[in-house]
Every structure is written in C-alpha cells, then in structure tokens.
Amino acid sequence: MKASRLLLLLVVLVVVAGAAWWFLRPRPVVSDHLTVYYTKLDGNSLGTWTVSLRPPQPGESAAEHLHNVALYAAVQSIAGPPSEVSAIRFPPGTHVLNVLVNGSTATVDLSKDVAASAGGSFAENGEFKGLVYTLTGISPINAVQITIEGRKVETLPGGHLELDTPLHRSDW
Amino acid sequence: MNSTRRFIGRIGSAFALCTLLLCGSARAANLSYVFQNQTLMFTHIARTAAGSALGVDDPAFRSLLKSLGATLTWHPGERYVLISTPQPLVINFAVGSKSYDVGLLSANASFAPFLQGQEAFLPLDDLLHSLGLTSRSDGSVNVLQPQLTSVDIKGSGNQAVVVAHAAMPLHPRLAVNEPSRLVYVFDGVASSIDGIRQVNVGGIRLLKIISSGSVRRPSTTIEVDLAPNARHGAPRSNDGDFEVAFGGSGGAPPLVNANVAANPQPPSPSVAPAPVNPPAAGATVSAVTVTPSNGGETVTIAMSGNATYDWHRLRPPDNRFWIDIHGAQLEGGNKDEAQPDPLTSLRIRQNDAQTVRVALSLSGPKSISVSPSANGILINIGNTDAFDVAREGSGTVGNVVSANEPQPLITPVPADEYGQVSNESAWKFGPQSSYVPTNPRLIVLDPGHGGGDRGSVHDGMQEAVLTLDMARRVEALLIARGWQVKMTHNGDHDVHGTPRSKAEAEAMGYTSPDAFDLQARDDIANAAGARLFVSIHANAFMNSGPNGTTYYYYTPQSLPFAQEMEQDLDAADLGTKDDGVHKVKYYVVAHANMPAILIETAFLTNPFDRERLASSSWRQHIAEAIADGIDQYARAHPVGQAQ
Ligand SMILES: [Zn+2]
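What counts, and where the lines are drawn
- Residues numbered from 1 in each chain as written.
- Chains lettered and ligands numbered in written order.
- Predicted model: local features only at pLDDT ≥ 70, side-chain atom pairs only at ≥ 80, totals over all residues.
- Heavy atoms only, no water.
- Axes fitted to C-alpha atoms, helices over the stretch in contact; angles between N-to-C directions.
- Helix = DSSP H or I, 4+ residues; strand = E, 2+ residues; numbered from the N terminus.
- Parallel < 35°, antiparallel > 145°, perpendicular 65-115°, else oblique.
- Contact = heavy atoms within 4.5 Å.
- Nonpolar A, V, L, I, M, F, W, Y, C, P; charged D, E, K, R; others polar.
- Core = buried A, V, L, I, M, F, W, Y, C linked by side-chain atoms within 4.5 Å.
- Buried < 20%, exposed > 50% of the residue type's maximum accessible area, 1.4 Å probe, protein only.
- Domains from an automatic or database assignment.
- Expected span 1.5 Å × (residues − 1).
- 1 Å grid on protein atoms, 1.4 Å probe; cavity = no way out; pocket = protein on both sides within 12 Å on 5 of 7 lines; lining within 4 Å.
- Points joined across faces, edges and corners; volume = space filled by probe spheres on them.
- Donors = N, O, S within 2.8 Å, 3.2 Å for Na, K, Ca; no water.
- Tetrahedral: all angles 85-135°; square planar, octahedral: opposite > 155°, others 65-115°.
- Salt bridge = Lys/Arg side-chain N within 4 Å of Asp/Glu carboxyl O.

Caption draft 1: The arrangement of the packing of helix α9 (residues 607-614) of chain B against helix α10 (residues 616-636) of chain B in detail. Residues and elements named next belong to chain B. Contact geometry for α9 and α10: axes closest at 5 Å, N-to-C directions at 85 degrees. In terms of orientation, α9 and α10 fall into the roughly perpendicular class. Residue-level contacts link Arg612, Leu613 and Ala614 of α9 to Ser616, Trp618 and Arg619 of α10. Taken together, the residues that form the contact of α9 with α10 break down as 3 nonpolar, 1 polar and 2 charged.

Caption draft 2: Highlighting the nonpolar core. With 65 residues, the main nonpolar core has Leu34(A), Val108(A), Leu110(A), Phe128(A), Leu131(A) and Leu135(A) as its most contacted residues. In terms of residue count, helix α2 (residues 62-79) of chain A provides more of this core than any other element does, 10 residues in total. Each of domain 1 (4-142) and domain 4 (433-636) of chain B accounts for three or more of the residues forming this core. What Leu135(A) contacts, discounting residues up to four positions off in sequence, is Ala70(A), Ala73(A), Ala74(A), Val108(A), Ile141(A) and Val144(A). Counting residues in each nonpolar core, the second largest holds 38 residues, with Ile443(B), Leu466(B), Leu468(B) and Ala471(B) among its members.

Caption draft 3: Quick peek at α2(A). With 18 residues, α2(A) ought to run about 26 Å at 1.5 Å a step, and its terminal C-alpha atoms sit 26 Å apart, in line with that. Counting buried positions over the 18 residues of α2(A) gives 16, a clear majority of the element.

Caption draft 4: Seen up close, empty space enclosed by the protein. All names here are of chain A. Overall, the coordinates contain 2 cavities of 30 Å³ or more when judged by the stated rule. Volume-wise, the largest cavity comes out at about 80 Å³. Elements supplying a minimum of two residues to the lining of the largest cavity: β1 (33-39), α2 and α3 (121-135). Element by element, the count of residues in the lining of the largest cavity is highest for α3, at 4 residues. Class assignment of the residues belonging to the lining of the largest cavity gives a composition of 9 nonpolar, 5 polar and 2 charged.

Caption draft 5: Spatial organisation of the coordination of the zinc ion. Note on the zinc ion: its protein donors are His160(A) (NE2), His449(B) (NE2), Glu463(B) (OE) and His537(B) (ND1). The metal-donor distances range over 2.1 to 2.2 Å. Of note is the zinc ion, whose 4 donor atoms meet at the metal with angles of 91 to 168 degrees in an arrangement that counts as irregular. Of this pair, His449(B) sits in the loop between β35 (442-447) and β36 (457-458) while Glu463(B) sits in helix α4 (residues 463-480), placing them 14 residues apart in sequence. Take His449(B) and Glu463(B): they sit in the same class, and that class is buried.

Caption draft 6: Spotlight on the pattern of salt bridges. Residues and elements named next belong to chain B. Under the definition given, this model contains 18 salt bridges over all chains. Here Arg62 makes a salt bridge to Asp57, at a shortest N to O gap of 3.3 Å. Residue class for Arg62 comes out partly exposed when judged on its relative accessible area of 32%. Taking relative accessible area as the criterion, Asp57 reaches 37% and is therefore assigned partly exposed. Arg619 serves as the salt-bridge partner of Asp469, at 2.7 Å between the closest nitrogen and oxygen. Within this pair, whereas Asp469 is found in helix α4, its partner Arg619 is found in helix α10, the two being separated by 150 residues in sequence. Owing to a relative accessible area of 23%, Asp469 belongs among the partly exposed residues under this scheme. Overall, Arg619 belongs to the buried group, its relative accessible area being 12%.

The following block contains the structure:
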C-alpha cells in the first residue's frame, strides 16, 4: 500500500516536472516582423518602424531564411521610413545589390549611388547607423561589412566613417 | 550554395506542378501594353487560371521600373522580390505567399508568386497596382496609366503645403493663375481619387481633383480655390512629388461638417473577410492606450496570444476607422473615450464572441498605418491629411504561422540594446591606455579633406578651404604658446602615405592606392609619436535645418579630450549650438594611437552657421578656443600619468 502511494507520488512528480519543462522550455522565436531603424535629424538618436515578414516556407532552411530576412532588412533600411518621417536618408537611387551573411557578419553591397552623399559627416553617420542597427537586430548578426559595387573602401569618397572593417553597434 | 540550388529546384518544380495541375496549363505568351506612348512587350509571361504572371527578368518590365525610378532586388534562390520606389516605398512579394506589402500596408494577391526554372513570377495585375499603375483597355490595346496616388495637405493655420504623388515623377503645367483660383494640369497621369475637399488652411478654401482625357492620354487637374489675399509659391519637385506652398488666413467656414456622426458605429464591411487560420488558443486584448507621437498619435493594442486582424476605413468626409481582431477576448469590458485631435473618439467592444473591435474617429482623413508589434498591434495616426490611402488591410499577431513548421529562425535583438558592447571589442587601446608620446610637445593637426577631395561644397564655399584656414590659425597659436605642430598637410593637396601598388590595393579589395588617404594622416601622427591629434571639419546636410558644433571621438582614451574641447568651445561663446560629444568610428580618430578627436565646427548648409564660417574673425575665434582646449587638456593630463 505504502509502496504504491510512493509510486503514485513519483508518477505525479514526473508528470509535473515534465509539464513544467514543456511550458518553460526555451523556445526559439519565429518572428513575423522586423524592426527597421533610422537616424533622426538630431544626427544621433534612432527611430524605428516595423515591417512584417512572411512565415518560412516548408523546405526553407534557417540559413536561407536568415539571408532573405537580412536582404529585406537592408532594402527597407536603405529606402528609409515613410516620406512624412523626418530622417537622415541615403542618397536617392542608392540600392542594395546583395547581402551575404557569413556567421555573425552581414556583408551589404551597395550601388555606387551611395557615394553621392550630401557631404559632411552628419548624413553619412546617420545613414550607416540606421543600417547597422537594423541588421544587427537580426540574430545572429552582430557586424556589418559595407562594400560598394563589390569593393571595400576606406570610407565613402570624401567621407569620414570607417567602412573597411565591419561595423558594430558598439562603434557608436 | 548547393542547398540554395536544391531549394530552388524543389520549390520550382513544386510550383510548376501546381501551375500545371491546378491552375491550368502554363504557357508562355506575350502581353503588350502602351505606356507613355511607347509599347511595352512583356515576353516573360506565364498564364495561370488565376491570372497572368510576369517574370522578374522580363526586359520590358525592367525598363518600366527604370522609367519609374524604381529598383528591383532579387537573386535566384531568394524568397523576397523587393522593389524600391523613389517615394520611398518598398514593395515586397514573397515566393509562395499570396500576401504582399506596399510600404506599411499588406494586401492579398490573386495568387502567390512562384518560381519557374530560375525566375520568379509575380501576379501581374497586383504588381502593376502596387506600382501605382492601372491597366485600361482602348479597343484592342491595353494602356498602362500612371495614377495620381495621393494628394496631401500638410500644415495648419496660415501655412499649408500641397503635396501630390504619383507613380511617375510629376511635371505639372499651371493652366490658370488667378488671385482666387489656380489650376495645375498633370498630363499623362490618371486619377482614381477625384473629389472636392474643403480645406480652410493656409488660405486654401477648396481643393478639387478632376480626371479627364482619353485612355491613351489621361490627364488630371488639381484646382485650388483661394481665400482673398492668399499667397502661393512656385511648384517644385521633391523626388518626383509635386509640392506647392500656400499662405494666408483660412477661408470660409466649413461647408461640410467634418465632425463625426453621433453614433460612431461603423457599418459592417460589405465583404467580411473570414479569419485565416483562426487560432485555437485565442488571444486576449488587455489594454488599448493612446500616446502622442510626431504630431500624430499611436494607438497601442496590447495583446497576448495569436490572432488575425483586418481593418477598414471609410471614405472622407466620414473619417472612421475600425480594426477587428479575430479569435480574441477583451479584458476589462467595453470602453468609450473622447480623445484629443487628430483622434476624436475611441471605442473598444467585444463585437461578438470571437471578435474584439477597436473603432477610431478621426478629425480628418489622416494617414494611418497598422502594424503588428511584439506585444500586439500598433496603429499610427499621422498629423497630415491623406486623400487616397488603402481602405482595408489585414495581418496576424503572435505566431499564426502554418502550424506544421515551428522552425526557429529569427530572434530580434531587443530595441533597447543601444550602446551594447559587442564581444568583439574593436578597441585598439583599452580605457587604461598605456600610450606614451615619444614627442610630448607635438600636436598633429589634420585639416579635413584637401586636394582632390573638396569635402562638403555648398554655394561656392568649400570645406577643404575652410578647414585648412582654421588649422593654420590653430597652428600659429599653438607655436606661439610653445608647442610643436605637425600638419597632416599644409597646402591644399591629398595626403599620400607609403605608396602602395594598384595590385596590392586591389588584393585588399580597394579600388585604388588613393584609398589610403586617411590612414596616411594617422601614419604621420603615429610615426611622430605625437601627444594629441585634432581633425578639423565643417559639416553639411541636404537641407538647411541641422546646425551646430559636434565633437567626435572613438577610443575611450579620447573621451576626456573631446569633453575638454567641448567645454572650452562652449566657454568661448562661439554662437553655434553645442551638438555634444559623440562616439563614432570615424577613420582618422579610430586609427590614431594618441587621444584623437574630430571637430565638426559648423554647418555650411545652415544660414546662421554659414555666416560664422564665412567670417575670418569667427574662424580666428574658434581657432583660439581649440588651442585653449589643447592647452587645458594637456595641463590636466600630464604625460606619464593615466590619460
Ligand atoms: Zn569633413
């Protein structure tokens, strides 16, 4: 009698522990949205907007999904927030040629239109801060390498911000 | 890459099969349209039972995008086909998903984009619609008409700006120019937003949008009726948008009472969309809050659980909006609240057993965007009037994804992790830098730009000229105070370091050996073992707003130097705004071994700042303040002690 009670207690404990594990187990998050950052006209503070993501397709691997999301993030960031939002924006015509994610580094290849910045470090700083914050908001990306038409550059022509090594959030 | 190819193959054959079996036979055929008096022959066409699909590599489609100023991003194997328009607007079609986005709005296409071979095919009608184009038949010919997609009136009281946007850059002609009436004609542009709008802002009384012309030669007219003594500027083009500024006091009292009817219960939508994937677990709406943002307001619907939603808005002058959240329960009961402009009232109801409805009444046809957030739904209400906007949309909250693939994929980093320090520290020196200058009396001054690089140029004023002038003034002052000074360049020319061959540069991924100009400046300071490095610049922006003096540093050892400089320039009372000390990875301050700062003295593009930069006495004044900053910092941080 006593042994069977003990057994029952044990079973209950196992069930409770199992249920607790089931509910508390760390679950990976499938995000259906993306936060896109832009730099406000004070040249420093960031604003965000949100765009929706499609659920992954059957057969779409984690790496493929990450690539798709990173590309989407870069295109949104380069386009900037809706026109009624005051933001530091990339020069008109700037577009994303490609994005490659390798480990935790995303390489964003931009069209040469990006070089037509209005001059001054103000615009350049704001443009890339928004882009780097947007991409590093996607796990596991924590660094962004910029290339222009496939080439690394020290900075933009006549520029200030260092582009020849990957940028991190901690660079601001 | 292999897996990408396999993926394409799998999806491609799956969709080809689907197209053949379910959607009727897929066969290539051409489709031709007349656009801007030219014939566009689409050759990458696949026909399905649900409509025609257009391949993204179609040459005529690419040339259409080019004439719209739009760019397309897609490579084989990628899920999203992304089109950026100059507005700016990102249009997002996803292979295998009917749902597509145009800016912040989502819509459903007649069928999902699919792959055929290596090429993505998009639903043609939805694609054209998303680009602001409408197909009209003119006998045997299909004509693509660019549509006037929005006319906004921004401003209040005595000031207003009318902004018209279309799929194409707008080139209006002023057909009537009378004191009480202006008529702008947009040739080649059609409109589906005809109407008359009572305005009474900035001297504008009425705005009329009238479309006319033929299918092949559409035309749209914007007529502005003005109050007596109203003024107006010349129309200008802003990224293809048409803008005219108006000024003047109001107009007649409103003809149409824009206030909301007494019973703000919106009628049921004529087509009630059935909730997609009604979630079994359901969701709870726990709170609805309203916060001001950017002159407008944000309505936050706090929710837990999974739900689908759809939203609707009525046509002006009925400015009501509602959102139905399906599979949701309301906590805390129904609620009615009056709200400040632009929102006039807010109603929250458990509309039926499974639906929570949040209804808003607005003070005008305000722009609205709806987006899911981590904790529910955000409704952003702008402070500008938008004439033609989407009238309905839908979305999902939580994890309403197809039930059978709970794959892990993207974990967003919380937005509040600003300034987080990455594990891969990029510092050359830790906070306790052991840098000891071999030449403690030497200061390196770096006049920004020079030679082939003019820096910012505005209205004939060149950054490179100003920075060299200011640096030379600092140099003279420092020498008079007993310092040694090295300039990275003391003439208006480029700074070339160790010559590097073109081959070496290219091996490193650079375009030319000239690309090492900034490193050469640091090399000068590092090789000389200088005490401090100061780079002097003038800022610029594409409009005249931003102004002030900014201090940039990168390495931790440089922060106290930047702060000292800020204090001394503030004390000198230069008249420019203090924009603060900021850490940014600017090349010259990131690669100098010693404490290094970059000063953006003032903005060439701001009239107030520009007047200062143009004055030699002001440049002398700032040079003295910079020399003071160097003196003060050096005194407070003697060599051999912690920097
Ligand atoms: Zn500069």
